[in-house]
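Letter by letter, the chains look like this.
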Amino acid sequence: MAETGIPCRIKDVNEAICNAVDEKDETYLDLMTRLSSKQKALLLALAHSGRNVQPTSGNFISKYHLTSASAVQRSLSSLQEKDIITNSNGQYYIYDYFLYYWLNKK
C-alpha cells in the first residue's frame, strides 16, 4: 500500500490492518455463527478485557455477565480445541490478531 520510495507510516500500517480485517469480515461472521452463545460471550470478553485476566474469576464473570466458572472453563477448552484461543502461562489470548481486532470493533 505504501508508495515506492516513500517510508511506510503508522497511518499506512493502521489502514492496512483495517483493510485486512474488513476482508475477513465474512469469515469471522461465519466463525461466530458456529460458536455457542457462551463461547461467543467469552470470546468477546477476552477481546475486551486486555491482558492478565483470570477468566474463571468471579470478577471477570460478573463484569462480562458470564454464567459460571464451570461454563467459562468448558468454553475455554472448546475455544482452545478450535484453535481460536491459546493459553500461555495461565493467560488466555485470541490466537488470530485480526480476529482480536475485529472483535474489539464489536
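For the structure itself, consult the block above.
The rules behind these values
- Residues numbered from 1 in each chain as written.
- Predicted model: local features only at pLDDT ≥ 70, side-chain atom pairs only at ≥ 80, totals over all residues.
- Heavy atoms only, no water.
- Phe/Tyr/Trp six-rings, centres within 6.5 Å; stacked < 30°, edge-to-face > 60°.
- Helix = DSSP H or I, 4+ residues; strand = E, 2+ residues; numbered from the N terminus.
- 1 Å grid on protein atoms, 1.4 Å probe; cavity = no way out; pocket = protein on both sides within 12 Å on 5 of 7 lines; lining within 4 Å.
- Points joined across faces, edges and corners; volume = space filled by probe spheres on them.
- Disulfide = S-S within 2.5 Å.
- Buried < 20%, exposed > 50% of the residue type's maximum accessible area, 1.4 Å probe, protein only.

Visitor: Can you walk me through the packing of aromatic side chains in this structure?
Guide: Two aromatic rings, taken as a pair, are described by how far apart their centres are and by the angle between their planes. Within this structure, the stated rule accounts for 5 aromatic pairs. An angle of 35° between the planes, with centres 6.1 Å apart, marks the rings of Tyr97 and Tyr100 as tilted. Of this pair, Tyr97 and Tyr100 are both found in helix α6 (residues 97-104), 3 residues apart, which corresponds to roughly one turn of the helix. Arranged with centres 6.5 Å apart and planes meeting at 35°, the rings of Tyr97 and Tyr101 form a pair that is tilted.

Visitor: Explain the layout of surface pockets here, please?
Guide: Left-over empty space is what a probe sized like a water molecule reveals as it rolls over the atoms. For the largest pocket, the calculated volume is near 210 Å³. Leu46, Ala47, Gly50, Arg51, Tyr92, Tyr93, Ile94, Tyr97 and Tyr100 are the residues that line the largest pocket. When contributions to the lining of the largest pocket are tallied by element, the ones reaching two or more residues are α3 (37-49), β2 (91-94) and α6. The element best represented in the lining of the largest pocket is β2, accounting for 3 residues.

Visitor: Can you help me understand unusual backbone geometry in this one?
Guide: In this structure, His65 is a non-glycine residue whose phi angle is positive, near 55°. Of note, His65 is situated in the loop between α4 (58-63) and α5 (69-81).

Visitor: Before we go on, may I ask you to explain the state of the cysteines in this structure?
Guide: The full count for this structure, using the stated rule, is 0 disulfides. Between Cys8, a free cysteine, and Cys18, which holds the nearest cysteine sulfur, the sulfur-to-sulfur gap is 13 Å. In this structure Cys18 comes out as partly exposed when scored by relative accessible area, which is 29%.

On their own, these measurements won't tell you what the molecule is for.
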